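# Structural overview for review
Spelled out, the chains give:
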Amino acid sequence: MASINRRGTIPHPTTGVGEHVDEVFTIGGFFGPWIDLFRTRNLAHPVAWSDDSLLYQGVSALDLAASSGPEVLPTEVLVGETVTVSLLRRSGSPAFAEKLVDRHQIRFYDRGRFLLETELGPLDVEAGDFVVIPANLIYRERPLDEDNLVVIFETGEPICLAESLWDSVGFAGMYIDYSEMELPEPLGEGVDEPTRVRLRYRGAWHWMDYDFDPCHDVIGWLGDPVLYKLNCWAIPGIGTTSGFLTPPANAVLWGADKEFFFNVLGPRPMPTTPAPRGSYGAPSHLNDYDEVWFNHRSAFAPSTNGHMWMLPRTIPHPGLKRPPEYPENPVRQIEELKLNFDTKEELRWTDTAIKAFFPDPQVSLYTSFYGAHIGVVPDAASAYTKR
Ligand SMILES: [Fe+2]
């Protein structure tokens, strides 16, 4: 029996574009059974709703992140049972080292340079870098620029390299080159500096004092890469001859049981198949994961840098496609890059974030976020929307 069934009229391939909205519905993130629906109207645009959390909502991370001194705690934006997304702007070096006892983290450096001292040695980090720090390792983050922003993704489950997703198709070193990761080198100097370690355990902040600096006493280490730095611009954007590949196909890091995906999405290659079989952009879609998006850099609309969106499981994400066209030669790097963090855990916006929601999400989704999906400035994006 065929694994794919067809009923009714299929106006064009799922990769293509036409007068209908094509909506991908999946179970188990993008990994389980799926159907593709061709609709005459877009389910992502209701005319009324009982609660704003049912809709996609966006905020400006730069406006939301607190910045009131070196001891400031991150501003929590989205919270789940073991997953938290928070923002941090630091002014001045903190007087303490810190560790999260029960949370792993991906710290994405959106702007500014830092010296990140760790038990395994220091890392110099700059805009575009992201660092994986496993639970219970000590670090101290010293800002080197006043204008800085860190986006912190905390997870209860360990963070793994997503390279094993490619094992089944034989991609060895042809896609993400994880050998570009930078590992810290221990210093073994400046040992005797008394140090307070601020630690978070079971949701509460505690501290421990040492008469030495635990980020400076290690003289050597060996083992697996548990703490490392990568840069988002080193991650290739991927697509097909006819269009889109789902966000987890862009996975760089993930939870090994698919609890979450950390995806880096640069501009996709231009398809070589004309419409209606080919398209540029994403279909409408709905599944049982919550999606966090973060605009790191947008050449199309720099004013949207630092905008963050959460598209929940309660409503399809509207999708946006247009016919493909070739870009001009010579080939150039397009400074357009978004992070996407998909999680099986349900996330809720914090009260602080709710107060900062952009007005009218059905409009601001396009003006703030969606244009890059189809290679146009966000203000022009809604012209491609079908309601
Ligand atoms: Fe989405």
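Per chain, the residues get numbers from 1 upward, laid out in the order the sequence is written. Note on the predicted model: pLDDT of at least 70 is required for a residue's local features to be given, and 80 or more for side-chain atom pairs to be given and counted; whole-chain, interface and lining totals, by contrast, use all residues.

## Digging into the overall build of the protein chain
- Comment: elements are numbered from the N terminus, with helices defined as DSSP H or I runs of at least four residues and strands as E runs of at least two. The secondary structure content of the protein chain amounts to 4 helices and 25 strands.
- The C-alpha extent of the protein chain, read off along each of the three principal axes, is 75 × 45 × 45 Å.
- Relative to its 387 residues, the protein chain shows a buried fraction of 41%.
- By definition, residue pairs are in contact when their C-beta atoms, positioned from the backbone, come within 7 Å. Put simply, 73% of the contacts in the protein chain that link residues at least 6 apart link residues at least 24 apart. Put plainly, a residue is buried at 20 or more neighbouring C-beta atoms within 10 Å of its own, exposed at 12 or fewer, and partly exposed in between, counting only other residues' C-beta atoms, which are placed from the backbone.

## Examining the nonpolar core
- Take the buried Ala, Val, Leu, Ile, Met, Phe, Trp, Tyr and Cys residues, join any whose C-beta atoms are within 7 Å, and the set you get is a nonpolar core. In terms of nonpolar packing, the biggest core is built from 71 residues, with Ala61, Leu253 and Phe262 touching the most fellow members.
- All domain edges in this entry derive from an automatic or database-based domain assignment. Three or more residues apiece are contributed to this core by two domains, here domain 1 (21-59 + 234-384) and domain 2 (67-231).
- Look past the residues within four positions of Ala61 in its chain and what remains in contact with it is Leu87, Leu149, Val151, Phe294, Gly306 and Met308.

## Points about helix α3 (residues 361-368)
- Along α3, the residues classified as buried are Ser364, Leu365, Tyr366, Thr367 and Ser368.
- Tucked into the core, α3 has its buried residues touching β3 (57-60), β22 (307-311) and α4 (378-381).

## Structural notes on the sheet that holds β22
- Taken together, the 7 strands give an open sheet; going across it, the order is β3-β22-β21-β24-β18-β17-β13, and neighbouring strands pair in antiparallel fashion. Each edge of the open sheet carries a strand with a single partner, namely β3 and β13 (160-161).
- Pairing between two strands requires that DSSP report at least two bridges joining them. Where strand β21 (residues 290-298) meets strand β24 (residues 336-343), 8 bridges bridge the pair, whose relative direction is antiparallel. Its bridge partner lying in β24, Trp293 is registered against Asn340.
- Against the sheet, α3 touches β3 and β22, its axis set at about 55° to β3. Inter-axis angles, ranging from 0 to 180 degrees, are taken between N-to-C directions of lines fitted to C-alpha atoms, where helices are fitted over the stretch in contact.

## Quick word on the domain arrangement of the protein chain
- Its domain assignment divides the protein chain into domain 1 (21-59 + 234-384) and domain 2 (67-231).
- Distance between the C-alpha centres of domain 1 and domain 2: 27 Å.
- Each side of the interface is counted separately: domain 1 has 30 residues, and domain 2 has 30 residues.
- Per element, the largest residue contribution to the side of domain 1 that touches domain 2 is 4 residues, and it comes from strand β17 (residues 251-254).
- Grouping the constituent residues of the side of domain 1 that touches domain 2 by class yields 20 nonpolar, 6 polar and 4 charged. In this classification, Asp, Glu, Lys and Arg are treated as charged, Ala, Val, Leu, Ile, Met, Phe, Trp, Tyr, Cys and Pro as nonpolar, and every other residue, Gly included, as polar.

## Some words on the environment of Ala251
- With respect to the helices and strands, the residue Ala251 is situated in strand β17.
- A residue is classified by how many C-beta atoms lie within 10 Å of it, and Ala251, with 24 of them, is buried.
- With 10 residues separating them along the chain, Ala251 and Phe261 place their C-alpha atoms 6.1 Å apart.
- Residues in contact with Ala251, not counting those within four places in the same chain, are Ala162, Leu165, Phe261, Phe262 and Asn263.

## Section: the pairing of strand β10 (residues 129-133)
- Most of β10 sits out of view: 5 of its 5 residues are buried.
- Side chains of β10 alternate between two faces, with Asp129, Val131 and Ile133 and Phe130 and Val132 buried alike.
- Bridge analysis of strand β7 (residues 104-111) against β10 gives 4 bridges, and the strand direction is antiparallel. Of the residues in β10, the one forming a bridge with Gln105 is Ile133.
- As paired elements, β10 and strand β16 (residues 228-231) share 4 bridges and run antiparallel to each other. Residue pairing across strands places Phe130 opposite Leu230, the latter belonging to β16.

## Describing the environment of Glu189
- Residue position: Glu189 is located in the loop between β13 and β14 (195-201).
- Between the alpha carbons of Glu189 and Arg6 there is a distance of 67 Å; along the sequence they are 183 residues apart.

## Considering the pairing of strand β8 (residues 114-118)
- Among the 5 residues of β8, 4 are classified as buried, and the element is accordingly described as predominantly covered.
- The pairing of β8 with strand β11 (residues 139-143) spans 5 bridges and is classified as antiparallel. Bridge pairing in β11 links Phe114 to Pro143.
- As defined by bridge partners, β8 adjoins strand β9 (residues 123-125) across 3 bridges and the pair is classed as antiparallel.

## Structural notes on the environment of Pro271
- Structurally, Pro271 is set in the loop between β18 (260-265) and β19 (280-282).
- Each C-alpha atom of the pair Pro271 and Pro158 lies 36 Å from the other, and the pair is 113 residues apart in sequence.
- For Pro271, the residues in contact, after removing those within four places along its chain, are Gly239, Thr240, Thr241, Ser242, Gly243, Gly278, Tyr280 and Pro324.

## Considerations on the sheet that holds strand β4 (residues 75-79)
- With antiparallel pairing, 7 strands are arranged side by side in an open sheet as β16-β10-β7-β12-β5-β4-β25. A single partner strand is all that each edge strand has here, and the edge strands are β16 and β25 (348-349).

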